[in-house]
Amino acid sequence: FLVANEDYITEKTGISPAEVVLVKSTIPPMELAASLRNALPKAEGLVVTDIGEATHRIGSSLVAVDLHNLTRLELLFAIPIVAGALGLVFALGVVERRRTFAILLALGASARQLGAFLWSEALLIYVAGMLAGLGIGAALAWVLVKLMTQVFDPPPESLYVPWGYLGLLALAGLAAVAVSVLLQLRKPTEPLSFSVRNL
């Protein structure tokens, strides 16, 4: 195991005591470990390792690094990325459809109707993006848990869903989309009519 629960191991093996013995000697560690393996009887659960092997195992294992602060930093960094991506994608889409808005204005659409069109499109993009993101994220999490099952013992029983953080992401994305729509609505509509000449 890389990560194991002591009670779980006791329940499965029926052996509760566990002991670690450190041996200090003037003999080089690899030679000392080899001589101890030869001197001790072959017993189940008895493992002899030298200090170099133990250091390598600890240094390369998943439990050797505290990822708590790094994970927190990554999660906080994801909030402006989500907000910026949603707002930017919608804003660029609106800029590309200026001709469509010019046609709507030429046909007699009011600013209120244009605003309703923008809000409905923004909410549609937002909801579709959030649902697609949740689906892809859930699938990736499920695959990762299945792959990591052999590393952790006992394996995780179910996925952990951080509803509070997901809600914060949803609010950040909604705020970005709302700001983008409001900025588009505050632009003067008169210049749009002039773009009809380019049709």
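Here is what the cut-offs are and how they apply
Residues numbered from 1 in each chain as written. Predicted model: local features only at pLDDT ≥ 70, side-chain atom pairs only at ≥ 80, totals over all residues. Heavy atoms only, no water. Helix = DSSP H or I, 4+ residues; strand = E, 2+ residues; numbered from the N terminus. Buried < 20%, exposed > 50% of the residue type's maximum accessible area, 1.4 Å probe, protein only. Contact = heavy atoms within 4.5 Å. Areas by Shrake-Rupley, 256 points an atom, 1.4 Å probe, with all protein chains shown as cover. Expected span 1.5 Å × (residues − 1). Axes fitted to C-alpha atoms, helices over the stretch in contact; angles between N-to-C directions. Parallel < 35°, antiparallel > 145°, perpendicular 65-115°, else oblique. Left-handed = near helix turned anticlockwise from the far one by under 90°. Patch = residues over 30% accessible without salt bridge, like charges linked within 9 Å, V, L, I, M, F, W, Y side chains within 5 Å. Salt bridge = Lys/Arg side-chain N within 4 Å of Asp/Glu carboxyl O. Core = buried A, V, L, I, M, F, W, Y, C linked by side-chain atoms within 4.5 Å. pLDDT = per-residue confidence, 0-100. Lys, Arg positive; Asp, Glu negative; His and termini not counted.

## Let's talk about the overall build of the protein chain
Phase 1: Looking only at helices and strands, the protein chain features eight helices and two strands.
Phase 2: Reading the protein chain from its N end, one meets helices and strands in the order β-α-α-α-α-α-α-β-α-α.
Phase 3: Counting the 199 residues in the protein chain, one finds 18% classified as buried.
Phase 4: For the protein chain, restricting intrachain contacts to residue pairs at least 6 apart in sequence, the fraction spanning at least 24 positions comes to 71%.
Phase 5: Of the roughly 15200 Å² of accessible surface on the protein chain, a fraction of 67% belongs to carbon and sulfur atoms.

## Describing helix α6 (residues 111–148)
Side chains that are three or four residues apart share a direction in an α-helix, a result of its 3.6 residues per turn.
Phase 1: For α6, built from 38 residues, the straight-helix expectation of 56 Å at 1.5 Å per residue is met to within 8% by its first-to-last C-alpha distance of 54 Å.
Phase 2: Within α6, burial applies to L114, G115, L118, E121, A122 and Y126.

## Concerning helix α1 (residues 6–13)
Phase 1: Across the eight residues that make up α1, only a small minority, zero, are buried.
Phase 2: Positive backbone phi, at 75°, marks G14, one or two positions downstream of α1.

## Some remarks on the packing of α6 against helix α7 (residues 163–186)
Phase 1: Where α6 contacts α7, the axes come no closer than 10 Å and their chain directions differ by 155°. In terms of orientation, α6 lies roughly antiparallel with respect to α7. Considering how the two elements wind past one another, α6 and α7 form a crossing that is right-handed. Residue-level inspection shows G115, L118, W119, A122, L123, Y126, M130 and L134 of α6 in contact with α7, the latter providing L166, A170, L171, G173, L174, V177, A178, V181, L182, Q184 and L185.

## Looking at a nonpolar patch on the surface
Phase 1: A contiguous nonpolar patch, built from W142, V143, L144, L147, M148, L159, V161 and W163 and spanning about 820 Å² of accessible area, is present on the exposed surface.
Phase 2: In terms of residue count, α6 provides more of the nonpolar patch than any other element does, five residues in total.
Phase 3: The topology assignment puts L159 in the loop between β2 (152–153) and α7.

## Overview of the nonpolar core
Phase 1: By size, the foremost hydrophobic cluster in this structure holds ten residues: L86, F90, F101, L114, L118, A122, Y126, A170, V177 and V181.
Phase 2: Those elements that provide at least two residues to this core are α4 (68–96), α6 and α7.
Phase 3: Ranked by the residues each element gives to this core, the list is headed by α6, at four residues.
Phase 4: Formed by six residues, the second largest nonpolar core is a distinct cluster that contains I79, Y165, L169 and A172.

## With respect to the confidence of the model for the protein chain
Phase 1: Scored by pLDDT, the protein chain has a mean of 77; 79% of the residues are at 70 or more.
Phase 2: Across residues 190–194, confidence stays below pLDDT 50; counting only partners more than four residues off in sequence or on other chains, it has four contacts.

## Some words on the side chain of D50
Phase 1: On the secondary structure map, D50 appears in the loop between α2 (29–39) and α3 (51–60).
Phase 2: Salt bridges are absent for the buried D50, whose nearest opposite-charge side chain, R37, sits at 4.8 Å.

## Notes on the side chain of E121
Phase 1: As for its placement among the helices and strands, E121 is situated in helix α6.
Phase 2: Residue classification places E121 among the buried positions, given a relative accessible area of 16%.
Phase 3: In this structure E121 touches F90 and R97, once residues within four positions along its chain are discounted.

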